[in-house]
Amino acid sequence: MARNLIDIVDFSVEEINELIAVAEDIIENPVKYQDACAHKQLATLFFEPSTRTRLSFESAMLSLGGSVLGFSSASSSSTAKGETVGDTVRTVGCYADIIAMRHPKEGAPIAAAQVCDIPIINAGDGGHCHPTQTLTDLLTIHREKGRLDNFTVGFCGDLKFGRTVHSLVNALSRYEGINFVFISPVELKLPRYVKEEALKKKGISYVQTTDLESVMPDLDILYMTRVQRERFFNEEDYLRLKDSYILNPEKLVNAKPDLSILHPLPRVNEITVDVDKDPRAAYWRQVACGKYIRMALILKLLGIEV
Ligand code: CP
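On a predicted model such as this, the values are computed, not experimentally measured, just so you know.

So, how was this worked out
- Residues numbered from 1 in each chain as written.
- Predicted model: local features only at pLDDT ≥ 70, side-chain atom pairs only at ≥ 80, totals over all residues.
- Heavy atoms only, no water.
- Helix = DSSP H or I, 4+ residues; strand = E, 2+ residues; numbered from the N terminus.
- Rg over C-alpha atoms; globule rule 2.2 N^0.38 Å.
- Buried < 20%, exposed > 50% of the residue type's maximum accessible area, 1.4 Å probe, protein only.
- Contact = heavy atoms within 4.5 Å.
- Areas by Shrake-Rupley, 256 points an atom, 1.4 Å probe, with all protein chains shown as cover.
- Near = heavy atom within 4 Å.
- Polar contact = N/O pair within 3.5 Å; in protein donor to acceptor, adjacent residues only side chain to side chain.
- 1 Å grid on protein atoms, 1.4 Å probe; cavity = no way out; pocket = protein on both sides within 12 Å on 5 of 7 lines; lining within 4 Å.
- Sits in = over half its atoms within 2 Å of the grid points.
- Nonpolar A, V, L, I, M, F, W, Y, C, P; charged D, E, K, R; others polar.
- Domains from an automatic or database assignment.
- Pairing = 2+ DSSP bridges.
- Right-handed = clockwise from strand over helix to strand, strands pointing away.
- Points joined across faces, edges and corners; volume = space filled by probe spheres on them.
- Axes fitted to C-alpha atoms, helices over the stretch in contact; angles between N-to-C directions.
- Parallel < 35°, antiparallel > 145°, perpendicular 65-115°, else oblique.
- Left-handed = near helix turned anticlockwise from the far one by under 90°.
- Phe/Tyr/Trp six-rings, centres within 6.5 Å; stacked < 30°, edge-to-face > 60°.
- Lys NZ or Arg CZ within 6 Å of the ring centre and 35° of its normal.
- Buried area = accessible area lost by both parts, 1.4 Å probe.
- Salt bridge = Lys/Arg side-chain N within 4 Å of Asp/Glu carboxyl O.

S.K.: Teacher, can you tell me more about the overall build of the protein chain here?
M.R.: Secondary structure summary: the protein chain contains 10 helices and nine strands in total. For the protein chain, whose C-alpha radius of gyration is 19 Å, the value lies close to the compact-globule estimate of 19 Å for 306 residues. In terms of principal-axis extent, the alpha carbons of the protein chain reach across some 55 × 45 × 40 Å. Taken across its 306 residues, the protein chain has 54% of its residues classed as buried. Considering only intrachain contacts with a sequence separation of at least 6, the fraction spanning at least 24 residues in the protein chain is 73%. Of the roughly 13,300 Å² that the protein chain leaves accessible, carbon and sulfur atoms contribute 50%.

What follows is the structure, given as structure tokens:
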């Protein structure tokens, strides 16, 4: 049976820490890894738009000496003719050694893994989860803070549909001493099932608020997110909620000097561009981390040790 990454909880904390260590080593010693995946092929099957996830996966495989194939939209594959996800993935399993797939339907990567005997990586499924973004976030936090425990993290924006938030809450709930602060409009609160599974069952308390500025001085990490137009059923609701939080330099006046600001990106309007030059803005460094952690992940799932 191939090892897959469908949900971040598929990996133990020890395995996540090992991936972070390998990614750090890749950053320090890239030449050591440049032929590690020679003659291996990664397929990127993206049924939903992406810039960072697809291209970082492709860049990761190329930097490991492997090659890539795939498609960047459902409309350019036989999905447009009515082919099922299962049949598409089964087909690609005849050509590639490992698959990274993104799909708008929650659970599609699980269905894919059931019909395919090469490793499947969930590159985001609907509003459910996005485990490789979480690995990216954890590597970024580790590089920014030097640890993955004992800090206060604020999640701000669309916590209902934000799959990156769901996965990161799950992951951080397994580390010691994390204080969770959830900042969102009432309509976009973190789903109950995430709170139950990741926090309440483990006895982890959390704060929920609509007011970012009141909690800003407490935060060590601020994880901003986009209000996701594509997940709304009603355009009017999107328009009403889309600018609920706009982070600008004035709102950071009372923040800690060593705050780390993360965002999975893309951003729309929720962080003004003049925040980019603040040394606390870690989101462009976060983008770079995405490639290295995906290199480590590909090696792990292909069982390649360097
Ligand atoms: N963070 C993220 O998933 O970005 P893309 O949608 O560009 O892949």
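On we go.
S.K.: So what exactly am I meant to see when it comes to the site of the ligand here?
M.R.: For the ligand, the full set of nearby residues is Ser50, Thr51, Arg52, Thr53, Arg102, His130, Gln133, Pro264 and Leu265. Note that an oxygen atom of the ligand is positioned 2.9 Å from one of the side-chain N or O atoms of Arg102. In the model, a nitrogen atom of the ligand is placed 3.0 Å from a nitrogen or oxygen of the Gln133 side chain. Notes on the ligand: free accessible area 260 Å², of which the protein chains cover 92%. The cavity where the ligand resides is the largest pocket. Here the shell around the ligand is composed, by residue class, of two nonpolar, five polar and two charged. Each of two domains, domain 1 (8-129 + 290-302) and domain 2 (131-286), supplies a minimum of three residues to the shell around the ligand.

S.K.: In this structure, what is going on with the pairing of strand β7 (residues 206-209)? I would like to understand it.
M.R.: Both faces of the sheet carry side chains from a regular strand, because those side chains alternate between them. Across four bridges, the pairing between strand β6 (residues 178-183) and β7 is parallel. Bridging from a neighbouring strand, Phe180 pairs with Tyr206 of β7. Chirality of the crossover, the property in question, places the unit of β6, helix α7 (residues 192-199) and β7 among those that are right-handed.

S.K.: I keep staring at empty space enclosed by the protein and nothing clicks. Help me out?
M.R.: Left-over empty space is what a probe sized like a water molecule reveals as it rolls over the atoms. Tallied over the entire structure, the rule returns one cavity of 30 Å³ or more. Around the largest cavity, the lining residues are Gly157, Met224, Thr225, Val227, Lys242, Ser244, Tyr245 and Glu270. Tallied by class, residues from the lining of the largest cavity come to three nonpolar, three polar and two charged.

S.K.: Would you mind going over the packing of helix α2 (residues 52-63) against helix α10 (residues 283-301) with me for this structure?
M.R.: Pairs of packed helices are described in terms of their axes, by the angle between the two and the distance that separates them. For the pair α2 and α10, interaxial distance at closest approach is 8 Å and the crossing angle is 55°. Considering the angle they form, α2 stands oblique to α10. Considering only the axes of α2 and α10, their crossing is right-handed. Together, Arg52, Thr53, Ser56, Phe57, Ser59, Ala60, Met61 and Ser63 of α2 and Val287, Gly290, Lys291, Arg294, Met295, Leu297 and Ile298 of α10 make up the contact between the two elements. A breakdown of the residues in the contact of α2 with α10 according to their chemical character gives seven nonpolar, five polar and three charged.

S.K.: Is there a simple way to explain the packing of aromatic side chains in this structure?
M.R.: Each pair of aromatic rings is reported with the distance of its centres and the angle of its planes. According to the stated counting rule, one finds seven aromatic pairs in the structure shown. Consider the rings of Phe180 and Phe182, whose centres lie 6.1 Å apart with planes at 25°: the pair is stacked. Just as Phe180 is buried, Phe182 falls in that class too. Looking at Arg294, its charged tip hangs above the ring of Phe57, at a distance of 5.2 Å from the centre. Seen from the ring of Phe11, Lys300 lies directly overhead, with NZ or CZ sitting 5.4 Å from the centre.

S.K.: Would you explain the pairing of strand β4 (residues 120-125) in this entry?
M.R.: Of all the six residues making up β4, six are buried; the element is thus mostly covered by neighbouring parts of the structure. Bridge count between strand β3 (residues 98-103) and β4: four bridges; the pairing is parallel. Bridging from a neighbouring strand, Ile99 pairs with Ile120 of β4. Chirality of the crossover, the property in question, places the unit of β3, helix α4 (residues 108-114) and β4 among those that are right-handed.

S.K.: Where do I start with the domain arrangement of the protein chain in this structure?
M.R.: Interface size is often expressed as the accessible area that is lost when the parts come together. Along its sequence, the protein chain is organised into domain 1 (8-129 + 290-302) and domain 2 (131-286). A straight line from the C-alpha centre of domain 1 to that of domain 2 covers 25 Å. Both faces considered, domain 1 and domain 2 share a buried interface measuring about 2,300 Å² in area, 59% of it formed by carbon and sulfur atoms. Contact with domain 2 buries surface across domain 1, with Ile8, Ile20 and Arg52 losing the most and accounting together for 25% of the total. Between the two partners, domain 1 and domain 2, sit two salt bridges. Note that Glu24 is salt-bridged to Arg143, the shortest N-O span being 2.5 Å. Our count for the domain 1 to domain 2 interface comes out at 11 residue pairs in polar contact (both at pLDDT 80 or more). Within the residue set of the side of domain 1 that touches domain 2, elements represented by two or more residues are α1 (13-28), α2, β3, β4 and α10. For the side of domain 1 that touches domain 2, the element with the most residues is α1, which contributes eight residues. A breakdown of the residues in the side of domain 1 that touches domain 2 according to their chemical character gives 16 nonpolar, 10 polar and six charged.

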